[in-house]
Number of protein chains: 2
Amino acid sequence: MPTLAEINEMDRAAFTAVLGGLFEHSPWVAEETWDRRLGLSSLGEAGPFREAAQLQAELCATMRGASRERQLALIRAHPDLAGRLALAGKLTAESTREQASAGLTGMGADEFGAFQKLNDAYRARFGFPFIICARLNARAAILSAMQTRISNTPEQEHAAALAEIEKIAGLRLQDVLKT
Amino acid sequence: MPTLAEINEMDRAAFTAVLGGLFEHSPWVAEETWDRRLGLSSLGEAGPFREAAQLQAELCATMRGASRERQLALIRAHPDLAGRLALAGKLTAESTREQASAGLTGMGADEFGAFQKLNDAYRARFGFPFIICARLNARAAILSAMQTRISNTPEQEHAAALAEIEKIAGLRLQDVLKT
């Protein structure tokens with residue numbers, strides 16, 4: 001696992017290879033954050049990314065600065081929780097671990113059925129999947145959040161999805177930097 | 001109150017005048033975030049700050065990129081909650097409103113005394129004031145957080161302070177943009 005100092009030395013391709021998975025199927029967030037180094041080095045006091053929290057903040061700023069359409073594509077790149085892709089073993093390595101940590105694997109058919117129903121209802125209402133940071137929420141909390149958030153407005157859920165994606169990316173960054 | 005479009009048109013001085021109060025006694029965060037516009041306009045798809053969440057993310061990235069010393073100065077620029085400055089009516093306008101919203105004004109002498117004691121113990125341990133977003137926490141929750149967080153490490157409390165400062169700045173930004 002690379003250190004932050006090593007990441008600071010990487011070219012755009014290596015940087016994206018290492019951090020491209022932080023935002024689900026959306027390596028452009030890492031790529032365009034690398035471009036920020038140029039601006040930062042003229043402002044900055046030390047190397048481009050002095051600590052993990054700064055790198056995380058710049059990644060989030062890249063995501064927040066993207067057009068609504070690209071944000072929506074990022075949101076839509078996420079799999080359902082306990083959904084069909086999970087059942088078929090077709091999640092990214094990161095999502096597989098995260099969903100397992102929330103106890104979303106190995107449920108009985110009844111509980112799987114409850115997730116499918118809520119997933120489908122959420123998607124039908126908002127046009128994108130329900131996103132929550134699975135590592136920060138156990139199965140019961142996730143079910144309860146699904147039931148609550150489905151009453152929100154599309155605007156609120158777009159914002160909630162991006163906020164959860166930031167938490168997911170922050171934890172994935174910690175994994176990448178773990179020594 | 002300016003709109004985001006108006007803020008995007010402002011020069012550095014006006015931008016800092018409008019947003020300089022988001023980070024307590026630390027207008028440099030706004031100032032240096034204005035400088036980011038230059039980098040962003042070469043990357044960006046639309047105007048420098050397309051929405052409030054993006055401006056907020058860039059402000060936070062500026063704070064996260066500052067040296068440890070400047071971050072510490074920012075933390076130290078915050079007043080105690082229900083502290084001596086509050087009693088003397090010497091808080092910034094923002095802090096005055098925020099502390100009032102948490103029910104920190106007009107307490108009895110006993111409860112004020114409890115706050116002073118915890119404030120002093122926290123400062124003695126960490127060398128900076130206890131920071132929490134008062135608008136998101138009622139008086140009892142704040143007291144309880146003080147009692148818990150005082151057992152944290154200095155590293156954890158430096159991180160907690162910056163995370164709370166981000167929440168405070170986010171709510172202050174909403175106030176600035178409110179129409």
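Residues numbered from 1 in each chain as written. Chains lettered and ligands numbered in written order. Predicted model: local features only at pLDDT ≥ 70, side-chain atom pairs only at ≥ 80, totals over all residues. Heavy atoms only, no water.

## Considering the interface of chain B and chain A
Next up, step 1: With 21 residues of chain B at the contact, the number on the chain A side is 21 residues.
Next up, step 2: Between chain B and chain A lies a buried interface of about 1700 Å² when both sides are counted; carbon and sulfur atoms form 48% of it.
Next up, step 3: If you look at where chain B meets chain A, you find two salt bridges.
Next up, step 4: Ionic pairing is found between A:Arg36 and B:Glu58, a salt bridge with its closest N-O pair at 2.6 Å.
Next up, step 5: For the side of chain B that touches chain A, the secondary-structure elements that each account for two or more residues are α3 (28-43), α4 (52-65) and α5 (68-76) of chain B.
Next up, step 6: For the side of chain B that touches chain A, the per-class residue count stands at seven nonpolar, four polar and ten charged. (Contact = heavy atoms within 4.5 Å. Buried area = accessible area lost by both parts, 1.4 Å probe. Salt bridge = Lys/Arg side-chain N within 4 Å of Asp/Glu carboxyl O. Helix = DSSP H or I, 4+ residues; strand = E, 2+ residues; numbered from the N terminus. Nonpolar A, V, L, I, M, F, W, Y, C, P; charged D, E, K, R; others polar.)

## Quick notes on the side chain of B:Glu58
Next up, step 1: Within the secondary structure layout, B:Glu58 lies in helix α4.
Next up, step 2: Taking the relative accessible area as the measure of exposure, B:Glu58 reaches 0% and is therefore buried.
Next up, step 3: A distance of 2.6 Å separates a polar atom in the side chain of B:Glu58 from a polar atom in the side chain of A:Arg36.
Next up, step 4: Dropping the residues within four chain positions of it, B:Glu58 is found in contact with A:Arg36, A:Ala61, B:Thr33, B:Arg36, B:Leu40 and B:Phe49. (Buried < 20%, exposed > 50% of the residue type's maximum accessible area, 1.4 Å probe, protein only. Polar contact = N/O pair within 3.5 Å; in protein donor to acceptor, adjacent residues only side chain to side chain.)

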